[in-house]
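So you can see what is in the structure, the chains are spelled out below.
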Amino acid sequence: MTATKQAAAQHIRAAADDLIALSHRIHAHPELAFEEYLASQWVADALSDAGFEVRHGYCGLPTAVEATIGTGPTHIAICAEYDALPDIGHACGHNIIAAAAVGAGIGLAPLADELGLTVRVLGTPAEEGGGGKVLMLEQGAFDGVHAAMMVHPAAVEMAAMPGLAVTQFDVTYKGKAAHAGAYPELGVNAADAMTLAQMGIGLLRQQTAASDRIHGIVTQAGSAANIIPDSSRGHWIVRSDSIDALRPLAERVHRCFEAGALATGCELSTTPVGPDYADLRPDQGLLDLWVANATALGRHFPELPNRVAGAATDMGNVSHVVPTIHPMLGLDCGPAVNHQPEFTAACTTQAADRAVLDGATGMAWTAIDVAHRSRSTNGSRGPQER
């Protein structure tokens, strides 16, 4: 291990209690997309205390943060997420992500100028829905960045998450109310329209690829059993293995909803929910550096069963324009997995606290490796040109 890596690790160890406390504090105060006022302020304060120049409300998003230190030619972006899920809180462990990003920044802060780095920790809201990184990418938050990174907790260790492309939309049918017993012929049943659409989607699944996912919920479909429902609403998500494959699949799903309207005589409206997420494309050069550093920290990458994963992240959009990694830190909490209440509980365990510190150290070491490689190649864009 180089002296520079030893120094970064020492800075992170010195801040360990504060980083774990930050993770637990965010976990105890779950906030939904674009409402992460407490978490974003805590992240901003911790980075300001570490000497970063901090901007809150970055890119016009009230809960986005930019924290910068160093003036070197190689620009590193470390992403923090901190939004939670409805009802089950931090069941995706974004408290760990945020604390690890702050820790990586703290580890690099005193070394940035020596390494020729400009380090930017970006607090990115609304990953669970809303696409904070996509909005920030469009506003130029990742312009000039040579490498972007973040870590994410999971049940098992993975060097790279197989992230799918995803689109989300709300569906509304408008019909006509009538007495369901006395005058049903006068009604136009909006709940039936939604049911027919779901039947169409169920049949469509036979002709979709193994990696495709179509799922949703009905959020409203009438108020009383003796009234023909005059409206129904739902929220739907469509996923595929690439942004190019996603578009025709989403069109076929929309046709199922159109069929429900046609069959019942209802009016249909659909509204996109946030920007589409692109598939995640990790940079192999950065990934190799991460695996070496994580292994040096004692983390192990088990052989996993060959199955299709259906998760998605707005970090995918970043990965299409900037060399990016998004490794998964195993919490050894099986059978609990992400988006389950049991995983919420796992995100403040001893294994979760270790993930904060290992994630911070591994990202700091990877950034140091990028700096050394950039110097040796006379300031090239980083591990792999895009």
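Located above this text is the structure these notes cover.
Residues numbered from 1 in each chain as written. Predicted model: local features only at pLDDT ≥ 70, side-chain atom pairs only at ≥ 80, totals over all residues. Heavy atoms only, no water.

> Sorry if this is basic, but what is going on with the pattern of salt bridges here?
Charged atoms that come close allow side chains of opposite charge to pair. Summed over all chains, the structure comprises eleven salt bridges. Between Asp369 and Lys5 there is a salt bridge whose closest N-O contact spans 3.0 Å. Taken together, the positions of Asp369 in helix H12 (residues 350-376) and Lys5 in helix H1 (residues 3-14) put the pair 364 residues apart, joining distant regions of the chain. Take Asp369 and Lys5: they sit in the same class, and that class is buried. It is possible to trace a salt-bridge network through shared partners that takes in Glu157, Arg299, Arg354 and Asp358. (Salt bridge = Lys/Arg side-chain N within 4 Å of Asp/Glu carboxyl O. Helix = DSSP H or I, 4+ residues; strand = E, 2+ residues; numbered from the N terminus. Buried < 20%, exposed > 50% of the residue type's maximum accessible area, 1.4 Å probe, protein only.)

> Before we go on, may I ask you to explain the sheet that holds strand S5 (residues 147-149) in this structure?
What holds strands together in a sheet is hydrogen bonding between their backbones, with the strands either parallel or antiparallel. What the six strands build is an open sheet, ordered S1-S2-S4-S3-S5-S11; its pairing is mixed. Of all strands in the sheet, those bounded by a partner on one side alone are strand S1 (53-56) and strand S11 (324-325). Here three bridges tie strand S3 (residues 74-80) to S5, and the two strands are oriented parallel to one another. Paired with Ala77 across the bridge in S5 is Ala148. Across the sheet, H12 lies against S3, strand S4 (117-123), S5 and S11, angled at about 165° from S3, the strand it touches most. (Pairing = 2+ DSSP bridges. Contact = heavy atoms within 4.5 Å. Axes fitted to C-alpha atoms, helices over the stretch in contact; angles between N-to-C directions.)

> For this particular structure, what's the right way to read helix H7 (residues 190-204)?
One turn of the α-helix equals 3.6 residues, which is why residues spaced by three or four share an orientation. With 15 residues, H7 extends 21 Å from end C-alpha to end C-alpha; this agrees with the ideal 21 Å at 1.5 Å per step. Those residues of H7 that fall on the buried side of the exposure criterion are Ala190, Ala191, Ala193, Met194, Ala197, Ile201 and Leu204. One side of H7 holds all its buried residues, which, seen down the axis, span an arc of 160°. Turned more than 90 degrees off the buried face of H7, the exposed positions are Met199 and Leu203. Of the surrounding elements, those touching the buried residues of H7 are strand S7 (165-174), strand S8 (213-220), strand S9 (231-240) and helix H8 (243-264). (Expected span 1.5 Å × (residues − 1). Arc of directions from axis to C-beta.)

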